[in-house]
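# Topology and contacts: notes
Okay, here's what each chain looks like letter by letter:
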Amino acid sequence: MVPFELCPGRMIGGNHPCFIIAEIGQNHQGDIEIAKKMIKMAKDCGADCAKFQKSELQYKFNKRALERPYNSKHSWGKTYGEHKRHLEFNHEQYRELQKYAEEVGIFFTASGMDEMAVEFLHELSVPFFKVGSGDTNNFPYLEKTAKKGRPMVVSSGMQSMETMRRVYKTVKEHNPNFAILQCTSAYPLEAEDVNLKVLTEYQKEFPDIPIGYSGHESGINISVAAVALGAKVIERHVTLDKTWKGSDHEASLVPSELAELVRSIRLVERALGDGVKKMLPCEKPCHDKLGKSLVAKVKIPKGTVLTQDMLTVKVAEPMGVPAEDIFQLVGKTVTEDVEEDESVLPEVVDTYCKKKKC
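Residues numbered from 1 in each chain as written. Predicted model: local features only at pLDDT ≥ 70, side-chain atom pairs only at ≥ 80, totals over all residues. Heavy atoms only, no water.

### Things to note about the overall build of the chain
- Each helix and strand in the chain was counted, giving 14 helices and 12 strands.
- Against the 2.2 N^0.38 benchmark of 21 Å for 358 residues, the chain shows a C-alpha radius of gyration of 30 Å, more extended than a compact globule.
- Along the three orthogonal principal directions, the C-alpha set of the chain runs to about 100 × 40 × 40 Å.
- Restricting to contacts in the chain with at least 6 residues of sequence separation, those with at least 24 account for 64%.
- Surface exposure of the chain reaches about 17,900 Å², of which carbon and sulfur atoms provide 51%.
- Separation between the mean location of the 49 positive side-chain charges and that of the 51 negative ones in the chain comes to 2 Å. (Helix = DSSP H or I, 4+ residues; strand = E, 2+ residues; numbered from the N terminus. Rg over C-alpha atoms; globule rule 2.2 N^0.38 Å. Contact = heavy atoms within 4.5 Å. Areas by Shrake-Rupley, 256 points an atom, 1.4 Å probe, with all protein chains shown as cover. Lys, Arg positive; Asp, Glu negative; His and termini not counted. Charge placed at Lys NZ, Arg CZ, Asp CG, Glu CD.)

### Concerning the pattern of salt bridges
- Counted under the stated rule, the structure contains 26 salt bridges.
- Where E96 meets K36, a salt bridge forms, and the shortest distance between an N and an O atom there is 2.7 Å. Of this pair, E96 sits in helix α5 (residues 91-104) while K36 is found in helix α1 (residues 32-44), placing the two residues 60 residues apart along the sequence.
- The exposure class of E96 is partly exposed, given its relative accessible area of 34%.
- For K36, a relative accessible area of 15% puts it in the buried group. (Salt bridge = Lys/Arg side-chain N within 4 Å of Asp/Glu carboxyl O. Buried < 20%, exposed > 50% of the residue type's maximum accessible area, 1.4 Å probe, protein only.)

### A look at the layout of surface pockets
- Taken as a whole, the largest pocket spans an internal volume of roughly 720 Å³.
- Forming the walls of the largest pocket are 36 residues, and the residues nearest its centre are Q53, K84, M113, Y187 and D248.
- Contributions of two or more residues to the lining of the largest pocket are made by β4 (49-54), α4 (80-87) and β10 (233-237).
- Broken down by element, the residue count for the lining of the largest pocket peaks at 4 residues, all from α4.
- Tallied by class, residues from the lining of the largest pocket come to 9 nonpolar, 18 polar and 9 charged.
- What the second largest pocket holds in volume is close to 320 Å³.
- Lining the second largest pocket are 14 residues, and of these G14, N15, K232, L272 and G273 sit closest to its centre.
- For the lining of the second largest pocket, the secondary structure elements donating two or more residues are α10 (221-228) and α11 (255-272). (1 Å grid on protein atoms, 1.4 Å probe; cavity = no way out; pocket = protein on both sides within 12 Å on 5 of 7 lines; lining within 4 Å. Points joined across faces, edges and corners; volume = space filled by probe spheres on them. Nonpolar A, V, L, I, M, F, W, Y, C, P; charged D, E, K, R; others polar.)

### Comments concerning the state of the cysteines
- Enumeration according to the criterion identifies 0 disulfides in this entry.
- Distance from the sulfur of C282, which forms no disulfide, to the nearest cysteine sulfur (C286) is 9.7 Å. (Disulfide = S-S within 2.5 Å.)

### Concerning unusual backbone geometry
- In this structure, P188 follows Y187 across a cis peptide bond, with omega equal to -5°.
- Relative to the helices and strands, P188 resides in the loop between β8 (178-183) and α9 (197-205).
- Omega for the peptide link from E317 to P318 comes to -5°, which places this bond in the cis form.
- Position of P318 relative to the elements: it lies in the loop between β12 (311-315) and α13 (326-329).
- The backbone of S125 sits at a positive phi, close to 60°, despite the residue not being glycine.
- Structurally, S125 is set in the loop between α6 (115-123) and β6 (129-131).
- Of note, M158 is a non-glycine position whose phi angle comes to about 70°, a positive value.
- The residue M158 is located in the loop between β7 (152-155) and α8 (161-174) in this model.

### Side note on the packing of aromatic side chains
- Inspection of every chain in the model, using the stated rule, returns 12 aromatic pairs.
- Considering the side-chain rings of Y94 and F108, the 6.2 Å spacing of their centres and the 65° angle between planes classify their relative orientation as edge-to-face. Pair noted here: Y94 is in helix α5 and F108 is in strand β5 (residues 107-112), with a separation of 14 residues, a long-range link.
- Classification of Y94 as buried rests on a relative accessible area of 1%.
- Through a chain of ring-to-ring contacts, three or more aromatic side chains come together here, namely F52, F89, Y94, F108 and F120.
- Sitting above the plane of the Y80 ring, R68 keeps its charged end 4.5 Å from the centroid.
- The ring of F139 has R166 sitting right over it, with the charged end atom 3.9 Å from the ring centre. (Phe/Tyr/Trp six-rings, centres within 6.5 Å; stacked < 30°, edge-to-face > 60°. Lys NZ or Arg CZ within 6 Å of the ring centre and 35° of its normal.)

### Here's the deal with α5
- Here α5 spans 20 Å end to end across 14 residues, near enough to the 20 Å set by a 1.5 Å rise per residue.
- Every buried residue of α5 is listed here: Y94, L97, Q98, A101 and V104. Along the long axis of α5, the arc covered by the buried residues comes to 125°, so they all point the same way. Of the exposed residues in α5, the ones pointing more than 90 degrees away from its buried face are E92, K99, E102 and E103.
- Its buried side turned inward, α5 meets α1, β4, β5 and α6.
- The backbone nitrogen of E92 has a side-chain oxygen 3.1 Å away, supplied by the residue at the start of α5, namely N90.
- A positive phi of about 95° marks G105, the residue just after α5. (Expected span 1.5 Å × (residues − 1). Arc of directions from axis to C-beta. Polar contact = N/O pair within 3.5 Å; in protein donor to acceptor, adjacent residues only side chain to side chain.)

This is the structure in structure tokens:
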């Protein structure tokens, strides 16, 4: 995996910390003051980035889609168009939110939900483009977005592995700096449909890019598990109140959950280590107290050639030859008497110390 700079001064991939995106989306209820509170909340909880969803509605939907009646309990208007217009911030409001995020000290971006939205976000100089699952198989969109040269994070809900291979090739041709996120597009998402094993498959299929996870499940455990499996980006929807109007709130994290998610991810990262198995300094007290070594099962006179039935393994004082070297001592000569039940010390076994550098 080749790490890259996703945001100014913030690398992802390799041994760099997992990048945590707080997806505000449209959970702001169409209220810019709520949106600002959510940006501040994301920062206070330790997320790396506050993310929104930007649409230019006439480019994302056709007329009939906007005109269809929308009678859901989550509706902000009589038609789907009225509903979406209520939730859509204009360009000036986006600039205001971006400025506020900068003041708060958190990265700010949005999913460009159509090509014109991407054009606006490019003009806004967002650090990276997020590609929502709905556009992942939109290859003209992917190509145009990739050509703009900004890093990309691409979700993969509703897609097959075959499509994701095409996505990888399409983006890679124009832009080396992108990550792919495992995602299942259901709100809320049941554990049985998460399919975390896809993370491992993506790591095999696309070994040179960071892989991440965009989750819509309840709680934080599954997202933490994704980090243990190697996710380098985590995206979760956030809300100030799960009972608010809107279909995303139920699958979102409240501030206390987001803060716990960040803490848990950072704890798991500390626990992952470097993969090199060795005795660690913190284990020395336990080893000194309870580590086993070789002891004489019988009295062994000086000059005896050792056989295995002369030796046993015990917690001994002082500590003798390490237990794992018992077979190496067979056939070697002791240079001093060793009493029964006494430690077999390295220096009394001929040629042992030369090999072990005692």
